[in-house]
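Letter by letter, the chains look like this.
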Amino acid sequence: MGKQDQFKDKARQAAEQAKQRMGNAREEASERASQAKGRPSEEEQRRAQQQDQDRLDMDYDA
């Protein structure tokens, strides 16, 4: 593999990482915006659903 190929590979990897970071930044900004509007985040929604499911399971165990 020549040096030119190595540079191309590194440039491609850097571009892919940049795309991933942009996607992550957008998700984070979206989540922050929803929290600012008073809506629960996806993690909070999942946690609440899990708590509801746990309560339901405990009720049926009794």
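Right, let's walk through the structure included here. Please read these numbers as outputs of a predicted model, since none were measured by experiment. Residue positions are given per chain, counted from 1 along the sequence in the order it is written. In keeping with the model being predicted, local features are shown solely for residues with a pLDDT of at least 70 and side-chain atom pairs are shown and tallied solely at 80 or more, while totals for entire chains, interfaces and linings include all residues. Computation of side-chain values covers all heavy atoms of the structure but excludes hydrogens and water.

With respect to the pattern of salt bridges
Moving on, step 1. Just to be clear on terms, a salt bridge is a Lys or Arg side-chain nitrogen sitting within 4 Å of an Asp or Glu carboxyl oxygen. Under the definition given, this model contains 7 salt bridges.
Moving on, step 2. Where Glu 43 meets Arg 47, a salt bridge forms, and the shortest distance between an N and an O atom there is 3.9 Å. Within this pair, Glu 43 and its partner Arg 47 are both found in helix 2 (residues 42-61), separated by 4 residues, close to a single helical turn.
Moving on, step 3. A 1.4 Å probe rolled over the protein chains alone gives each residue an accessible area, and that area as a share of the maximum for its type sets the label: buried under 20%, exposed over 50%, partly exposed in between. When its relative accessible area of 39% is taken as the criterion, Glu 43 is described as partly exposed.
Moving on, step 4. Of the charged contacts in the structure, one is a salt bridge between Arg 55 and Asp 52, with a shortest N-O distance of 3.0 Å. Placement of both Arg 55 and Asp 52 in helix 2 is noted, with a separation of 3 residues, approximately one turn of the helix.
Moving on, step 5. On the basis of relative accessibility, which here comes to 45%, the residue Asp 52 falls in the partly exposed class.
Moving on, step 6. Connected through salt bridges with shared partners, the residues Glu 42, Glu 43, Arg 46 and Arg 47 form a single ionic network. Here a helix means four or more residues in a row that DSSP labels H or I, a strand means two or more in a row labelled E, and each is numbered from the N terminus.

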